[in-house]
Amino acid sequence: MLYGGDYNPEQWPREVWEEDLRLMAQAQINIVTLNVFNWAALQPDEETYDFSKLDAVMELVRTNGMKVCLATSTGAHPAWMAKRYPDILRTEKDGRKRKFGGRHNSCPNSLTYRKYAPKLAAELAKRYQDYENIAAWHVSNEYGGECYCENCEKAFRVWLKQKYKTIEEVNRSFYTAFWGHTFYDWDEIVLPDLLSEHFIDDTGRERTMFQGISLDYKRFFSDSLLECFRLEYDAIKRYTPDVPVTTNLMAVYKGLDYQKWARSMDFVSWDNYPAPDAHPSAVAFCHDLMRGLDGQKPFVLMEQTPSVTNWLPYSRLKRPGEMRLLSWQAVAHGADAVQFFQIRRSIGACEKYHGAVIDHAGHADTRVFRETAQLGRELEQVGGLFLDGRTPAKAALLFDWDNWWAVEYSAGPSVRIKYLDAVLDYYQAAYALHVPMDIISTQDALEPYQAVITPLLYMVKRGYEKKLQDYVRQGGNLVVSYFSGIVDEHDLVDTGGYPGRMRDLLGIWVEECDALPQGEQNAFSCFGRRHPADLLCDLTHLEGARALGAYEEDFYAGMPAVTVHTYGEGNAYYVGTRSDQEFYRMFLERVFSQAGIQPLHRAPSGVEVCVRENAGGTYLFLLNHTEETKTVLLEREYEELLEGRTYRRQEEIVLERKGVRLLRAVE
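The following refers to the structure shown.

1. What to know about the overall build of the chain
Point 1. Per the secondary structure count, the chain includes 17 helices and 29 strands.
Point 2. Its C-alpha atoms give the chain a radius of gyration of 26 Å, within 12% of the compact-globule value 26 Å for 667 residues.
Point 3. Each of the three principal axes of the chain carries a C-alpha extent, and together these read 75 × 75 × 40 Å.
Point 4. Put simply, the chain has 667 residues, and 60% of those count as buried.
Point 5. Taking the average place of the 75 positive charges on the side chains of the chain and the average place of its 96 negative ones, the gap between the two points comes to 3 Å.

Below, the structure written as structure tokens:
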């Protein structure tokens with residue numbers, strides 16, 4: 001298993017490099033990511049390339065027997081390029097043109113950027129194509145941000161023309177008959193920003209007056225950055241066709257449709273920087289989301305901090321054992337490599353207090369280095385046992401960037417609706433039940449799963465309702481949440497009653513939606529208990545479904561809050577309000593039982609259970625996220641991989657605080 005991280009030798013004199021390589025070897029590090037932000041040093045002008053320092057580093061790493069993840073450096077352009085070619089600079093939503101500075105600072109629709117970025121990638125690939133120790137290519141870095149310049153506006157018009165073909169179809173899709181916005185020519189279309197359709201409301205939230213065009217601009221900009229990635233990808237592949245290419249993603253980053261991006265990447269990699277108070281299930285969800293981007297294949301943990309994340313409001317240290325626990329959690333959910341940002345701590349600028357394997361002290365006698373070395377020894381000990389291991393999930397949760405964008409651009413019914421909140425409501429409940437879930441897209445098959453959950457399926461793309469109908473008809477179990485089935489892919493309402501084209505499948509008609517202000521709640525009874533009804537309450541009529549729970553208060557008391565509809569051989573559930581974790585756990589426990597889905601393993605609260613399977617066997621991960629010692633009663637015979645001991649069925653295994661146990665099932 002590859003183990004390493006970002007190394008920035010260009011920030012250090014050459015005499016430091018040898019010592020760094022010695023310390024890396026001591027920590028069992030076997031791969032370094034080089035050249036992430038080095039464009040200015042590599043290219044001092046339009047025609048000149050200077051690879052002398054990078055040559056020296058590459059040779060030193062190779063002679064020390066380490067692998068390289070070689071980056072293209074295109075995450076931040078040089079100052080001279082911004083001065084000579086200002087079209088490369090981004091423009092903010094309010095029309096302000098940026099100056100040189102920061103990173104993510106290039107307009108993806110700048111002809112300058114599209115010329116020089118892939119050219120640099122090609123020069124690097126050509127120069128180092130014979131280096132057998134290059135394990136992967138790392139294009140740019142953490143793509144993100146937005147631009148609203150004239151180049152983007154012109155490119156947006158081209159994108160719209162390719163998508164809609166005619167101006168009449170644009171008008172239909174954007175509903176431009178509203179407020180007299182009809183377009184008669186393509187160059188009348190302006191991009192949606194704070195100078196056109198967007199505004200800031202009284203809560204400080206950015207909103208739009210025309211959801212269709214704003215939604216398409218999200219899609220367009222994600223595509224624009226993806227085109228830039230593809231330009232570099234293609235340039236690299238001309239010289240190193242067999243070396244895989246990736247870029248580091250940022251988990252639940254709203255700006256880019258990662259499901260679409262993953263189809264252009266050779267493997268998925270991402271950067272894990274949870275807040276100190278993040279619930280372990282939220283971190284687990286991010287891993288599962290990344291695994292799901294590429295058909296549930298393993299991924300690479302490209303970055304994490306070994307100790308402290310310095311850009312959070314408070315730079316709280318990871319406690320002893322926490323970095324190890326989070327690293328093994330990543331492996332448990334599908335990581336086939338573990339890496340850090342960074343190897344040596346910088347001495348200047350905005351990341352000088354961000355954690356590193358080698359601290360400012362510059363030696364191995366630190367808590368962080370000792371923990372890093374311990375993890376390195378453990379990874380060395382297990383070797384390749386987990387590689388290409390898959391998660392045996394029988395339940396799936398739908399995640400869709402289009403829905404995320406659309407539901408939070410919606411003109412109502414509540415500013416409190418948050419897509420991620422709705423997704424995590426269900427994910428956290430399944431996590432607590434120790435039932436693994438694959439995170440899937442609208443393009444993924446549903447047939448492999450015994451239960452599928454679709455939180456906030458506000459937008460139902462044309463044809464997807466038939467996919468859901470076929471799944472349930474053939475015996476599947478589907479869960480749909482409140483505010484679902486409302487619009488099509490253009491954010492145009494499906495008339496005829498909510499939930500639109502899913503009405504027959506769910507066996508209900510939602511007449512109205514009551515948006516509850518912060519602090520107000522209704523309630524409903526279900527499974528013999530009373531549960532809170534928060535955020536939205538759908539006023540639902542039964543059309544073949546039966547009620548599992550009904551509201552208790554207000555003028556719609558007695559109307560269904562939770563329903564189930566037998567459809568063909570399967571069941572379609574509708575949860576017409578938001579509730580608490582007690583409800584979601586009870587509800588999913590019954591849905592999973594009905595679907596024949598059992599927990600991976602019984603374990604006490606605070607202990608995470610994961611399984612990976614490959615040709616070598618079945619591996620059980622027990623992760624104690626608490627500050628207390630926990631015990632787990634094993635349900636079969638296992639071999640503990642780090643200590644080499646065999647545990648019998650019904651024997652207890654002890655997990656110390658933040659403890660990890662790696663077990664292989666004995667057949």
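2. With respect to the sheet that holds strand β10 (residues 299–303)
Point 1. Taken in spatial order, the nine strands of this open sheet run β7-β4-β3-β2-β1-β11-β10-β9-β8, and their pairing is parallel. Only two strands of the sheet have a single neighbouring strand rather than two, namely β7 (245–246) and β8 (248–249).
Point 2. Where strand β4 (residues 134–138) meets β7, two bridges bridge the pair, whose relative direction is parallel. Bridging across to β7, W137 finds its partner in V245.

3. Some points on the sheet that holds strand β23 (residues 607–614)
Point 1. As summarised here, the arrangement of the five strands in space is β23-β24-β29-β26-β27, forming an open sheet in which the pairing is antiparallel. With one partner strand each, in any of the chains shown, β23 and β27 (646–647) form the two edges of the open sheet.
Point 2. Pairing analysis gives three bridges linking strand β26 (residues 638–640) to strand β29 (residues 660–665), with the strands arranged antiparallel. Bridged to E640 within β29 is L663.

4. Observations concerning helix α1 (residues 14–26)
Point 1. Turning to α1, its buried residues are V16, W17, D20, L21, L23 and M24. Projection of α1 onto a plane perpendicular to its axis shows the buried side chains occupying an angular sector of 165°, all on one side.
Point 2. Elements in contact with the buried residues of α1: β2 (31–34), α3 (52–63) and α12 (367–382).
Point 3. Count one or two residues on from α1 and you reach Q28, which has phi positive near 65°.

5. Details of the environment of H625
Point 1. If you trace the backbone, H625 turns up in the loop between β24 (617–624) and β25 (630–633).
Point 2. Each C-alpha atom of the pair H625 and M265 lies 32 Å from the other, and the pair is 360 residues apart in sequence.
Point 3. Those residues in contact with H625, other than ones at most four positions away along the chain, are P280, L325, Q329, Y431, G606, E608 and K658.
Point 4. One polar contact links H625 to E608, side chain to side chain, over a distance of 2.7 Å.

6. With respect to unusual backbone geometry
Point 1. Put simply, G412 and P413 share a cis peptide bond, and its omega is -5°.
Point 2. Inspection of the secondary structure puts P413 in the loop between α13 (401–409) and α14 (419–432).
Point 3. Backbone geometry at D388 places phi at a positive 65°, although glycine is not the residue there.
Point 4. Along the polypeptide, D388 turns up in the loop between α12 and β12 (395–398).
Point 5. Look at D388 and you get partly exposed, because its relative accessible area is 42%.
Point 6. One non-glycine residue with positive phi stands out, namely F527, at about 60°.
Point 7. Locating F527 in the fold gives a position in the loop between β17 (522–526) and β18 (529–542).

7. Points about the packing of helix α6 (residues 150–164) against helix α8 (residues 211–237)
Point 1. Packing of α6 against α8 leaves a shortest axis separation of 10 Å and a crossing angle of 105°. The angle between α6 and α8 falls in the class roughly perpendicular. Touching C152, A155, F156, W159, L160, K163 and Y164 of α6 are I213, D216, Y217, R219, F220, F221 and D223, all from α8.
Point 2. Considered class by class, the residues forming the contact of α6 with α8 number ten nonpolar, no polar and four charged.

8. Observations concerning the pairing of strand β13 (residues 437–440)
Point 1. Burial along β13 is two-sided: the residues M437 and I439 and D438 and I440 are all buried.
Point 2. In the sheet, β12 pairs with β13 via four bridges, with the strands oriented parallel. When the sheet's bridge partners are listed, A396 is paired in β13 with D438.

9. What about the side chain of D494?
Point 1. Mapped onto the elements, D494 comes out in the loop between β15 (477–481) and α16 (503–506).
Point 2. Looking at D494, its side chain comes within polar contact range of the side chain of R501, at 2.9 Å.

10. Observations regarding the pattern of salt bridges
Point 1. Here the structure, examined in full by the defined rule, presents 55 salt bridges.
Point 2. One salt bridge connects R127 with D55, and the closest N-O pair in it is separated by 2.7 Å. Here D55 lies in helix α3 and R127 lies in helix α5 (residues 111–127), a separation of 72 residues in the sequence.
Point 3. We note a salt bridge from E627 to K658, for which the minimum N-O separation is 3.7 Å. Note that E627 is positioned in the loop between β24 and β25 and K658 in the loop between β28 (652–655) and β29, a separation of 31 residues in sequence.
Point 4. Judged by relative accessible area, which is 14%, K658 ranks as buried.

11. What to know about the packing of aromatic side chains
Point 1. Tallying each qualifying case throughout the model produces 44 aromatic pairs.
Point 2. A ring pair is formed by Y85 and Y116, whose centres lie 6.1 Å apart and whose planes are at 45°; its orientation type is tilted. Taken as a pair, Y85 in the loop between α4 (79–84) and α5 and Y116 in helix α5 lie far apart in primary sequence, 31 residues in all.
Point 3. In this structure Y85 comes out as partly exposed when scored by relative accessible area, which is 26%.
Point 4. Judged by relative accessible area, Y116 falls into the buried class, the value being 3%.
Point 5. In this structure, R344 is placed above the aromatic ring of W12, and the distance from its NZ or CZ to the ring centre is 4.9 Å.
Point 6. Looking at R590, its charged tip hangs above the ring of F527, at a distance of 4.4 Å from the centre.

12. Some points on the packing of α8 against α13
Point 1. Between α8 and α13, whose axes approach to 10 Å, the crossing angle comes to 145°. For the element pair α8 and α13, the recorded crossing hand is right-handed. Residues Q211, S214, L215, K218, R219 and S222 of α8 form the contact with α13, whose participating residues are D402, W405, A406 and Y409.
Point 2. Grouping the amino acids of the contact of α8 with α13 by side-chain chemistry returns four nonpolar, three polar and three charged.

What counts as what
- Residues numbered from 1 in each chain as written.
- Predicted model: local features only at pLDDT ≥ 70, side-chain atom pairs only at ≥ 80, totals over all residues.
- Heavy atoms only, no water.
- Helix = DSSP H or I, 4+ residues; strand = E, 2+ residues; numbered from the N terminus.
- Rg over C-alpha atoms; globule rule 2.2 N^0.38 Å.
- Buried < 20%, exposed > 50% of the residue type's maximum accessible area, 1.4 Å probe, protein only.
- Lys, Arg positive; Asp, Glu negative; His and termini not counted.
- Charge placed at Lys NZ, Arg CZ, Asp CG, Glu CD.
- Pairing = 2+ DSSP bridges.
- Arc of directions from axis to C-beta.
- Contact = heavy atoms within 4.5 Å.
- Polar contact = N/O pair within 3.5 Å; in protein donor to acceptor, adjacent residues only side chain to side chain.
- Axes fitted to C-alpha atoms, helices over the stretch in contact; angles between N-to-C directions.
- Parallel < 35°, antiparallel > 145°, perpendicular 65-115°, else oblique.
- Nonpolar A, V, L, I, M, F, W, Y, C, P; charged D, E, K, R; others polar.
- Salt bridge = Lys/Arg side-chain N within 4 Å of Asp/Glu carboxyl O.
- Phe/Tyr/Trp six-rings, centres within 6.5 Å; stacked < 30°, edge-to-face > 60°.
- Lys NZ or Arg CZ within 6 Å of the ring centre and 35° of its normal.
- Left-handed = near helix turned anticlockwise from the far one by under 90°.

Everything listed is a geometric property; what it means functionally is a separate question.
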